[in-house]
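What follows is the residue order along each chain.
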Amino acid sequence: MSSLLSLPVVVSALELGFIYALIALALLISYSILNIADLSTDGCFTLGCAVGAQVAIAGHPILALFAAMLAGVCSGYIMAFLQTKLGVESILAGIIVNTGLYTVNLAVMGFSSNLSLFKSETIYSLVKDVFGAAWYKLIMSIIIVVIVCLIIVWFLGTRLGLSIRATGDNSDMVKASSINPGFTITVGLCISGSLTALSGCLIGQYQKSCDINLGTGMVTIALASLIIGETLVGKSSMFRRILGVIIGSCLYRFAIAIALRLHVPAECLKLVSAVIVAVAIASPYLKQQIAFQKRKMAAASSGKKVQN
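I will try to describe carefully the structure that is included in this document. Keep in mind that this is a model prediction, so the values were computed, not measured.

Thresholds applied
- Residues numbered from 1 in each chain as written.
- Predicted model: local features only at pLDDT ≥ 70, side-chain atom pairs only at ≥ 80, totals over all residues.
- Heavy atoms only, no water.
- Helix = DSSP H or I, 4+ residues; strand = E, 2+ residues; numbered from the N terminus.
- Rg over C-alpha atoms; globule rule 2.2 N^0.38 Å.
- Buried < 20%, exposed > 50% of the residue type's maximum accessible area, 1.4 Å probe, protein only.
- Areas by Shrake-Rupley, 256 points an atom, 1.4 Å probe, with all protein chains shown as cover.
- Lys, Arg positive; Asp, Glu negative; His and termini not counted.
- Charge placed at Lys NZ, Arg CZ, Asp CG, Glu CD.
- Patch = residues over 30% accessible without salt bridge, like charges linked within 9 Å, V, L, I, M, F, W, Y side chains within 5 Å.
- Salt bridge = Lys/Arg side-chain N within 4 Å of Asp/Glu carboxyl O.
- Core = buried A, V, L, I, M, F, W, Y, C linked by side-chain atoms within 4.5 Å.
- Contact = heavy atoms within 4.5 Å.
- Phe/Tyr/Trp six-rings, centres within 6.5 Å; stacked < 30°, edge-to-face > 60°.
- Lys NZ or Arg CZ within 6 Å of the ring centre and 35° of its normal.
- Axes fitted to C-alpha atoms, helices over the stretch in contact; angles between N-to-C directions.
- Parallel < 35°, antiparallel > 145°, perpendicular 65-115°, else oblique.
- Left-handed = near helix turned anticlockwise from the far one by under 90°.
- Nonpolar A, V, L, I, M, F, W, Y, C, P; charged D, E, K, R; others polar.

**Things to note about the overall build of the protein chain**
Here is step 1 of the chain: Along the backbone of the protein chain there are 13 helices and 2 strands.
Here is step 2 of the chain: For the protein chain, whose C-alpha radius of gyration is 21 Å, the value lies close to the compact-globule estimate of 19 Å for 308 residues.
Here is step 3 of the chain: On the principal axes, the C-alpha backbone points of the protein chain span a range of 80 × 60 × 35 Å.
Here is step 4 of the chain: When the 308 residues of the protein chain are sorted by exposure, 48% land in the buried category.
Here is step 5 of the chain: Split by element, the accessible area of the protein chain, about 15,300 Å² in all, is 67% carbon and sulfur.
Here is step 6 of the chain: Computed over 20 positive and 11 negative side-chain charges, the inter-centroid distance for the protein chain is 13 Å.

Okay, here's the thing in structure tokens:
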């Protein structure tokens, strides 16, 4: 195991785990809290990467983070508008937005399939001398994710945040309480979009490149991270749920890193991801079935003792 998880591999997995945790946090809000299947995640991730890359190339790597988040807010708003104003089902709305974003992303990238940031400053290169050459990317990623998590925990405890959480539980009750569920859904999806785009921007600056197909499969990865975290840590409180998301994201990256170290062909990584997602989704059900079988066997054993 030590040969599979050397220090550089662990550091790289943690770096990516924290960055991708932002997408899982986005799904925590849209999928887990609002009960909305947001399939625009893939396109929104690439949108954040493209917008952030263009702003970073212009010489503003810090501003790129906020520009990407603003672009994500726009994506989330369109997603919410289709659902709340036009009556489009969430899955169809996500597909529509994701399809449209492909052309938007190409336009943002100057109708080029990729962008290079190797000659541009990034938020990571700015702190390289401060945190040291070995750890600067990990420390910067942790700082950003911790700040985002603290803001989310605070926001979801406010009146508006509690209204968003209540909307996912029972929209009719929220409407009866004189709260507009359309507004809370819009705010929730805008926040979700901004987190997804921020993750895309960080990945672009992390690897110093942006590709039009970068976001393919992001919703699957984020869903796996979310479910792994909820299974291992639980969801008794919002803090535990957010902590579980980060842990799940890092564990997912560790699984991918181990697969790479075992010389799994790059063409098979999508299959590996699919298997991890299937196991993560099925694990709560399998856990219940194992517990049920144990109770069944215990009941049968106690019944035999009574007969004897």
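Read on, since the account is not over.
**Considering a nonpolar patch on the surface**
Here is step 1 of the chain: Taken together, the side chains of Val 153, Leu 232, Phe 239, Leu 243, Ile 247 and Leu 251 define a hydrophobic patch exposed on the protein surface, amounting to about 520 Å² of accessible area.
Here is step 2 of the chain: Structurally, Ile 247 can be placed in helix α12 (residues 238–261).

**Details of the environment of Gly 110**
Here is step 1 of the chain: Considering the arrangement of structural elements, one finds Gly 110 in the loop between α4 (90–108) and β1 (114–116).
Here is step 2 of the chain: Overall, the relative accessible area of 52% leaves Gly 110 in the exposed class.
Here is step 3 of the chain: Counting along the chain gives 36 residues from Gly 110 to Val 146, while the straight-line C-alpha distance between them is 33 Å.

**With respect to the pattern of salt bridges**
Here is step 1 of the chain: Throughout the structure, instances matching the rule amount to 1 salt bridge.
Here is step 2 of the chain: In this structure, Arg 241 engages Glu 230 in a salt bridge whose closest nitrogen and oxygen atoms are separated by 3.9 Å. Of this pair, Arg 241 sits in helix α12 while Glu 230 is found in helix α11 (residues 218–233), placing the two residues 11 residues apart along the sequence. As far as burial versus exposure is concerned, Arg 241 and Glu 230 are alike and both buried.

**A word on the nonpolar core**
Here is step 1 of the chain: If you look at the biggest cluster of nonpolar residues, it comprises 87 residues, and the most contacted ones within it are Leu 25, Tyr 124, Val 148 and Leu 202.
Here is step 2 of the chain: Excluding anything up to four places from it in sequence, Tyr 124 contacts Ile 19, Tyr 136, Lys 137, Met 140, Ser 141, Leu 202, Gln 205 and Tyr 206.

**Details of the packing of aromatic side chains**
Here is step 1 of the chain: Overall, the coordinates contain 3 aromatic pairs when judged by the stated rule.
Here is step 2 of the chain: Ring geometry for Tyr 20 versus Phe 45: centroids 6.1 Å apart, planes at 25°, classification stacked. Of this pair, Tyr 20 sits in helix α1 (residues 7–33) while Phe 45 sits in helix α2 (residues 41–57), and the two are 25 residues apart along the sequence. Just as Tyr 20 is buried, Phe 45 falls in that class too.
Here is step 3 of the chain: The ring centre of Tyr 206 lies 4.6 Å from the NZ or CZ of Lys 137, which sits over that ring.

**Looking at the packing of α1 against helix α7 (residues 136–155)**
Here is step 1 of the chain: Interaxial distance between α1 and α7 falls to 9 Å at its minimum, and their mutual angle equals 25°. What the angle tells us is that α1 and α7 run roughly parallel. Crossing hand, α1 versus α7: left-handed. Note on element contacts: α7 touches α1 through Lys 137, Leu 138, Ser 141, Ile 142, Val 145, Val 148, Cys 149 and Ile 152, opposite Val 11, Leu 14, Glu 15, Phe 18, Ile 19, Leu 22 and Leu 25.
Here is step 2 of the chain: Class assignment for the residues of the contact of α1 with α7 results in 12 nonpolar, 1 polar and 2 charged.

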